[in-house]
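Each chain, letter by letter, is given below.
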Amino acid sequence: MIATKKTKTSFPEPADIIRFSCESDNSEPAREVTTRAGLLEQLTESELKALLNIAPRAP
């Protein structure tokens, strides 16, 4: 995925979509958030929780 924010002097930065879903509660809606590409492996548990808290419901 390529970020839609463009600047005059640079190319858009690649981004990944992280989708959170709850396998133990199917009534909980999935949530999605975008981050810099390749960042997932570097995120700590607390950073992932912070992303979950800001992630809107997935379409």
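Residues numbered from 1 in each chain as written. Predicted model: local features only at pLDDT ≥ 70, side-chain atom pairs only at ≥ 80, totals over all residues. Heavy atoms only, no water.

Chemist: How do you make sense of the overall build of the chain when you look at a structure like this?
Modeler: Secondary structure assignment for the chain yields one helix and two strands. Order of helices (α) and strands (β) in the chain, N terminus to C terminus: β-β-α. For the chain, buried positions account for 15% of its 59 residues. When contacts within the chain are restricted to residue pairs at least 6 apart in sequence, those whose partners lie at least 24 apart make up 30%. Here the chain has roughly 5,000 Å² of accessible surface; of this, 53% comes from carbon and sulfur atoms. (Helix = DSSP H or I, 4+ residues; strand = E, 2+ residues; numbered from the N terminus. Buried < 20%, exposed > 50% of the residue type's maximum accessible area, 1.4 Å probe, protein only. Contact = heavy atoms within 4.5 Å. Areas by Shrake-Rupley, 256 points an atom, 1.4 Å probe, with all protein chains shown as cover.)

Chemist: Could you clarify how one ought to interpret the environment of Ile 54 in this entry?
Modeler: Checked against the element boundaries, Ile 54 lands in helix H1 (residues 45–54). Taking the relative accessible area as the measure of exposure, Ile 54 reaches 60% and is therefore exposed. Ile 54 sits 22 residues away from Glu 32 along the chain, and the two C-alpha atoms are 9.1 Å apart.

Chemist: So what exactly am I meant to see when it comes to the side chain of Thr 35 here?
Modeler: As for its placement among the helices and strands, Thr 35 is situated in strand E2 (residues 31–36). With a relative accessible area of 10%, Thr 35 lands in the buried category. The contact partners of Thr 35, leaving out residues within four places of it in the chain, are Ala 15, Asp 16, Ile 18 and Leu 51.

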